[in-house]
Amino acid sequence: MCGIGKRLRSKKMRNPRMAQIATLLYQYSRIVPRGGTFRDRKVALTEFFGFFDDSTDMLPEPNPAASSIEFLRRLTAGFGLLG
C-alpha cells in the first residue's frame, strides 16, 4: 500500500484517528476527478507539509506528531496527492 511497509502501516493504523484520515485520503484520491479542485488540494497539501518541515524545530524531541505527519506525507504521496 503506497510503498509503506506492513509493519509501519499496522502500527499507525491502530490509531482510529489515523485510520480515519488515511481512509479519507484514499477516498479523495479515488473519487475527486482530476481538475481544478484536485490540483488546488495538491498544492494545499504540499504547502501543509512544507509548513511542517519549516516548523519542526519548534517541537520538542522526540515528538510523536513528527512521526505521524511523516507517515501521512508518505501515504499522501503514495496516493498521488502531492505536487
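This one's a predicted model, so the numbers in the text were calculated from it and none came from an experiment. (Residues numbered from 1 in each chain as written. Predicted model: local features only at pLDDT ≥ 70, side-chain atom pairs only at ≥ 80, totals over all residues. Heavy atoms only, no water.)

K.L.:
With reference to specific residues and values, describe helix H3 (residues 36-55).
P.N.:
An ideal rise of 1.5 Å per residue puts 28 Å on 20 residues; H3 measures up with 28 Å between its terminal C-alpha atoms. Every buried residue of H3 is accounted for by Phe38, Phe49, Phe52 and Ser55. All buried residues of H3 project into a common sector of 130° when viewed along the axis, lining one side. Exposed side chains of H3 directed beyond 90 degrees from the buried face belong to Arg39, Glu47, Phe51 and Asp54. (Helix = DSSP H or I, 4+ residues; strand = E, 2+ residues; numbered from the N terminus. Expected span 1.5 Å × (residues − 1). Buried < 20%, exposed > 50% of the residue type's maximum accessible area, 1.4 Å probe, protein only. Arc of directions from axis to C-beta.)

K.L.:
Break down the packing of aromatic side chains for me, with residues and values.
P.N.:
Applying the stated criterion to the full structure yields three aromatic pairs. Geometrically, the ring pair formed by Tyr28 and Phe38 is stacked, given 6.0 Å between the ring centres and 10° between the ring planes. With Tyr28 in helix H2 (residues 16-31) and Phe38 in helix H3, this residue pair connects regions lying 10 residues apart in the sequence. Note on Tyr28: relative accessible area 21%, which makes it partly exposed. In this structure Phe38 comes out as buried when scored by relative accessible area, which is 4%. Aromatic pair Phe48 and Phe49: ring centres 5.1 Å apart, planes at 65°, arrangement edge-to-face. Its relative accessible area of 38% is what places Phe48 among the partly exposed residues. The exposure class assigned to Phe49 is buried, which follows from its relative accessible area of 4%. Sitting over the ring of Phe38, Arg34 keeps its end group 4.0 Å from the ring centre. (Phe/Tyr/Trp six-rings, centres within 6.5 Å; stacked < 30°, edge-to-face > 60°. Lys NZ or Arg CZ within 6 Å of the ring centre and 35° of its normal.)

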